[in-house]
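# Fold and contact review
The residues making up each chain are set out below.
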Amino acid sequence: MTYPKYLLELVQTTYDMWQKGWDEYNGGNISYRLKKDEIEKLSEDFSGTSYKLYDKPYEVKDLMAVPKIVQGEYLLITASGSHFRYLKEQPEIDTGIVKLTENGYQIIAGYNTGKRPTSEIFMHILSHAARLSQNENHRVVIHNHATNIVLFSLLNEVTSESLTKDLWSVLTESIVVFPDGISVLPWEVPGTREIGEATGELLKECRLVVWAKHGVLSTGVDFEDCFGLIETANKAAGLALDLQRISGKPLKENNVLSDDDLRAVCSALKVQGRYL
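Computed from a prediction, not measured in an experiment: that's the story for all the values here. (Residues numbered from 1 in each chain as written. Predicted model: local features only at pLDDT ≥ 70, side-chain atom pairs only at ≥ 80, totals over all residues. Heavy atoms only, no water.)

## Some details on the overall build of the protein
Spelled out, the test is: Strands here are runs of E lasting at least two residues and helices are runs of H or I lasting at least four, both read from the DSSP assignment and numbered beginning at the N terminus. Our radius of gyration looks at C-alpha atoms and nothing else; its globule reference is 2.2 Å times the residue count to the power 0.38. We call two residues in contact whenever any of their non-hydrogen atoms come within 4.5 Å of each other. Reported accessibility uses the Shrake-Rupley method at a 1.4 Å probe radius. Residues are deemed covered only where the shown protein chains occlude them.
Each helix and strand counted, the protein has 11 helices and nine strands in total. Compactness check: the protein gives a C-alpha radius of gyration of 19 Å against a globular reference of 19 Å for 276 residues, within 12% of the reference. Considered along the principal axes of its C-alpha atoms, the protein spans approximately 60 × 35 × 35 Å. The contacts of the protein with a sequence gap of at least 6 include a subset with a gap of at least 24, amounting to 74%. Summed over its atoms, the accessible surface of the protein is roughly 12700 Å², and 48% of this surface lies on carbon and sulfur atoms.

## Concerning helix α5 (residues 121-132)
As a reminder of what qualifies: Given a helix with a known number of residues, its expected span is that number minus one, times 1.5 Å. For the exposure calls, accessible area comes from a 1.4 Å probe over protein chains only, and a residue counts as buried if that area is under 20% of its type's maximum, exposed if over 50%, partly exposed in between.
Compared with an ideal rise of 1.5 Å per residue, which puts 12 residues at 16 Å, α5 spans 16 Å between its outermost C-alpha atoms and is within 8% of the ideal. Among the 12 residues in α5, 12 count as buried, and that is most of the element. Those residues of α5 lying buried are I121, F122, M123, H124, I125, L126, S127, H128, A129, A130, R131 and L132.

## Digging into the nonpolar core
When a protein is soluble and globular, its nonpolar side chains tend to lie buried together. To be explicit about the condition: Here, the term nonpolar core denotes a set of buried Ala, Val, Leu, Ile, Met, Phe, Trp, Tyr and Cys residues that are joined through side-chain atoms within 4.5 Å.
Counting 53 residues, the largest nonpolar core has Y6, L76 and I97 as the members making the most contacts within it. Broken down by element, the residue count for this core peaks at 10 residues, all from helix α10 (residues 223-247). Those residues in contact with I97 that sit more than four places away from it in its chain are Y6, L34, L42, F46, Y51, Y74, L75, L76, Q106, I107, I108 and A109. V66, A79, V98 and L132 belong to the second-largest nonpolar core, a separate cluster that totals 19 residues.

## A look at the pattern of salt bridges
Test applied: For salt bridges, the criterion is a side-chain nitrogen of Lys or Arg within 4 Å of an Asp or Glu carboxyl oxygen.
For the structure shown, the criterion picks out 12 salt bridges. Residue E73 pairs with R33 through a salt bridge whose shortest N-O separation is 3.3 Å. On the criterion of sequence distance, the pair formed by E73 in the loop between β2 (53-60) and β3 (74-78) and R33 in strand β1 (residues 29-33) is long-range, its members being 40 residues apart. With a closest N to O distance of 3.3 Å, D242 and R245 form a salt bridge. On the criterion of helical spacing, the pair formed by D242 and R245 is a turn pair, its members being three residues apart in helix α10. Take D242: its relative accessible area is 37%, and that puts it in the partly exposed class. We classify R245 as exposed; its relative accessible area is 60%. Taken together, the shared-partner salt bridges connect E161, K165 and D259 into one network.

## Details of the layout of surface pockets
To keep things clear, this is the line we draw: Each cavity reported here is a set of points on a 1 Å grid over the protein atoms alone in which a 1.4 Å probe fits but cannot get out, each pocket an open set with protein on both sides within 12 Å along at least five of seven lines, and each lining residue one with an atom within 4 Å of a point. Grid points are joined across faces, edges and corners, and a volume is the space filled by probe spheres set on the points. For this classification, Asp, Glu, Lys and Arg are treated as charged, while Ala, Val, Leu, Ile, Met, Phe, Trp, Tyr, Cys and Pro are nonpolar and the rest, including Gly, are polar.
In this structure, the largest pocket encloses a volume near 190 Å³. Among the elements that make up the lining of the largest pocket, the one with the highest residue count is helix α1 (residues 5-19) (three residues). Grouping the amino acids of the lining of the largest pocket by side-chain chemistry returns four nonpolar, one polar and six charged.

## Here we look at the packing of aromatic side chains
Aromatic ring pairs are reported here in terms of the distance separating the ring centres and the angle at which the planes meet. As a reminder of what qualifies: Each aromatic pair joins two rings of Phe, Tyr and Trp (for Trp, the six-membered one) with centres within 6.5 Å, and gets the label stacked for planes under 30 degrees apart, edge-to-face for over 60, and tilted for any other angle. Throughout this description, the term charge over a ring refers to an Arg CZ or Lys NZ atom that lies within 6 Å of the ring centre and within 35 degrees of the ring normal.
Evaluated as defined, the whole model comprises seven aromatic pairs. Seen from their ring centres, Y3 and Y51 are 5.9 Å apart, and the 75° between their planes marks the pair as edge-to-face. Separated by 48 residues along the polypeptide, Y3 in the segment before α1 and Y51 in the loop between α3 (42-46) and β2 bring together distant segments of the chain. Of the two residues, Y3 and Y51, both sit in the buried class. Where Y32 meets F223, the ring centres are 5.5 Å apart and the plane angle is 20°; that geometry is what we call stacked. Of this pair, Y32 sits in strand β1 while F223 sits in helix α10, placing them 191 residues apart in sequence. Among the aromatic residues, those joined into a ring-pair cluster are Y3, F46 and Y51. We note K88 situated over the ring of Y15; from NZ or CZ to the ring centre the distance is 4.8 Å.

Given below as structure tokens:
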């Protein structure tokens, strides 16, 4: 029994995040926008597997006004209540494939025991819409509770510009990984349409959004792209935290990279830093 590559990659990513401590208990969620040929091969790809495909899809209506740009798109998305520690053992239970409609979605496959998509479904739909409007190759949205990023936002009053430049200043190549910076959304109640709408607006300018005092989400063209964005930002946040702790001084009073240093990196590596 072999699942298609995109499902195997999602499964591996969920386990990698759990191993890093970013997705405790049932925290975190992921979605992937299927390619046209993957949609056409659904029956073939899941034949002989435990993954159910439904002749009569279960439909959720009146969820929200789904942006036109993603109407008709198919998303592989983790289930509400899924535990990433165990998801690799039961992807047919903890993931499913939905087709987005004008005002909701249809469950096309998966969720074998009756689960439903993550409570952050609003965020996923609106994040895909926002990034697809900027990049036709966009595919993946990941949300988790990357430890260092959350802790940094608890210890420091962060804005989009301050957080971006703080993380750039302690890890030289981070500005190459996310030259478009990080947007910060002040704390909001999770799982609501409001946090999804606010996140979607921020994603029109960048690929990384930090939910202050909560977590982070990344968007990208594939799973490795998304994972790498969070991994890099989280490492930089860890370096910044250690530097503050060891020195006993605010970050900027340490021997960190200056704006001029960052501009030199951008010039050498042909990128444009958002806040420089």
